[in-house]
Amino acid sequence: MQINLNQISKYFDANKAILKDLSLSIFEGEVLGLIGPSGCGKSTLLRILAGLEVATHGDLEIPCEINQQTSFVFQDPALFEWRTVAANVGLPLELKGIKNSIIEHCVEVELERVGLLDAAHKYPSELSGGMRMRCSLARALVTNPKLLLLDEPFAALDEMTRDQLNQDLLNIQSKNKMTILFVTHNLFEATYMSQRVLVMQSNPGKIAADIPVSLPEPRCLDLRLTGEFQDSLKLVQAALREVDK
Amino acid sequence: MKKYVPSVILFITFLLIWDLAIRSFNISPFILPSPKAVFEIFADQHQELLDATLQSALIAVAGFVLSILIGTIISLLMSQSKIIELSIYPYAIFLQAVPIVAIAPVFILWFGAGTKSMILISMIISLFPIVTNVSTGLRSIEKDVMEMMWLYKASRWQILWKVRFPSAVPNFVIGAKTSAGLAVVGAIVGEYFTGLSGESRGLAFLIQSNQQNANYPFLFATSISAALLGFIIFSVVSTLGEWIIKKGHFERKVS
Ligand SMILES: Nc1ncnc2c1ncn2[C@@H]1O[C@H](COP(=O)(O)OP(=O)(O)OP(=O)(O)O)[C@@H](O)[C@H]1O
Ligand SMILES: [Mg+2]
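Residues numbered from 1 in each chain as written. Chains lettered and ligands numbered in written order. Predicted model: local features only at pLDDT ≥ 70, side-chain atom pairs only at ≥ 80, totals over all residues. Heavy atoms only, no water.

With that settled, the discussion passes to the sheet that holds strand E1 (residues 2–13) of chain A. Residues and elements named next belong to chain A. The strand order across the open sheet formed by 3 strands is E2-E1-E4, and the pairing between neighbours is antiparallel. On the outer flanks of this sheet lie strand E2 (16–27) and strand E4 (57–61), each paired with one strand and no other. Within the sheet, the average angular offset between the axes of one strand and its neighbour, ignoring direction, is 20°. When E1 meets E2, the two strands line up antiparallel, connected through 8 bridges. Bridge pairing links glutamine 2 to phenylalanine 27 in E2. (Pairing = 2+ DSSP bridges. Helix = DSSP H or I, 4+ residues; strand = E, 2+ residues; numbered from the N terminus. Axes fitted to C-alpha atoms, helices over the stretch in contact; angles between N-to-C directions.)

It is worth spelling out the packing of helix H4 (residues 82–97) of chain B against helix H6 (residues 115–139) of chain B at this point. All names here are of chain B. Direction vectors running N to C along H4 and H6 enclose 145°, while the axes themselves pass 10 Å from each other. Like other packed secondary-structure pairs, H4 and H6 cross with a definite hand, here left-handed. Two secondary-structure elements touch here, H4 through Glu85, Tyr89, Ala92, Ile93, Leu95 and Gln96 and H6 through Phe128, Pro129, Val131, Thr132, Ser135 and Arg139. A breakdown of the residues in the contact of H4 with H6 according to their chemical character gives 7 nonpolar, 3 polar and 2 charged. (Left-handed = near helix turned anticlockwise from the far one by under 90°. Contact = heavy atoms within 4.5 Å. Nonpolar A, V, L, I, M, F, W, Y, C, P; charged D, E, K, R; others polar.)

The interface of chain B with chain A comprises 21 residues on the first partner and 22 residues on the second. Taken together, both faces of the contact between chain B and chain A bury some 2100 Å²; the carbon and sulfur share is 61%. Counting across the chain B and chain A interface gives 2 salt bridges. The residue Glu147(B) makes a salt bridge to Arg47(A) at a minimum N-O spacing of 2.7 Å. Counting across the interface, chain B meets chain A through 4 residue pairs in polar contact (both at pLDDT 80 or more). For the side of chain B that touches chain A, the elements supplying multiple residues, two or more each, are helix H7 (143–151) and helix H8 (156–194) of chain B. The residue makeup of the side of chain B that touches chain A, split by class, is 10 nonpolar, 5 polar and 6 charged. (Buried area = accessible area lost by both parts, 1.4 Å probe. Salt bridge = Lys/Arg side-chain N within 4 Å of Asp/Glu carboxyl O. Polar contact = N/O pair within 3.5 Å; in protein donor to acceptor, adjacent residues only side chain to side chain.)

Structure representation (structure tokens):
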């Protein structure tokens, strides 16, 4: 099962194509990093995949099951201040009308997974930035998504917290095997997380390079010090330089 | 308790200067009665003052509660339909700009010189802060949040209950605080217009009758009672509102 984008174009106004003839296939269980200059249309591409925007031309083939089970993580955690961590995480299930006892169980499992179980009864105002993001991540994961879209999810966090969350996300992915597409401005993060790094160019936005990153799995942070990693990183960096000219 | 010390000292100083001014400048009691005379009224006529204050308080509270109920319903309707909003909102603003003294006689003409009119006048004057604040709160939901709810396929009612209402609580409290003060003004102004022939025996009656009888210490004591009533109602609403916000974690997020 794969997702195909064929010759996708997006115009917000008739004169300027934000995305132009963009084609891309996303395979099941892949982790894809999306990088590119600011304003090239990365968020727009993600939003089209989520259904938040509609492509002007071209077609988007998403298998129905995947479409039904897509989660989106915004850069801002977008938590409800009046709900506890547990109630925030349970929200998507609550909206589906699922029984409370089941919600409680799912929430507990998810909080355990993102390491937030101790904070279950805290309110967002009592959390650090990293914890807020974990909570947002747990909310996205609680529905067991097949496709997880993240738009610069950890950009506002310090490096150590970001590394931690990257690692946690990789660990979760290695168990759940969901497909992940994430936007980032951080080359290390893109290279470390992804099986493929997609480099976008701007004006008009399209995929300029598609760089496979074959590194030993499971990945752990020490990998970043190896020569293999540096080689992949250089490739990604060169591709980004190319489009940024 | 410590934070009240400066204001209490200021109050005592104020009383002393008041008293001193009357003695040293020989101010006639018809212009400014002495603090002692006013205090004597509070001591001797406390029953009459208390009755009048309670009567006005009841009207103000009734008007305030009604304005909260009606104001919330109006805001709710406006948040659910653009057409309703576009048709009601201009009138809400317009009515807010009309001076209460211009509306009060009309209400008395329609509903009689009784409690009903006074409650309605108090309600009308305290309604708009609720409408403007609550409808702003119900409407201003961040784009991210709305998109998230859309992705979760939340229904209109779920969005209303789980997002709009809780988001609007801080705005509701701001509106209620303004409204509480105005409800007291409305209750007293309303009673003014029913005149001395009216059945009501609230603060406005006492103010008017003391004015006519030239009982100035009593007039002052009544005015002070009216000010105290406004202050107490505002403080209760304000404290209760802050408590709800704190207890329910409804504060608008800073990050
Ligand atoms: N709703 C919209 N209406 C009009 N123009 C839009 C809209 N959304 C995005 N754009 C435009 O589309 C272009 C791409 O925006 P997009 O947010 O996808 O870029 P991005 O690659 O995510 O940038 P960044 O790295 O800064 O987040 C920008 O020029 C932006 O102004
Ligand atoms: Mg973006």
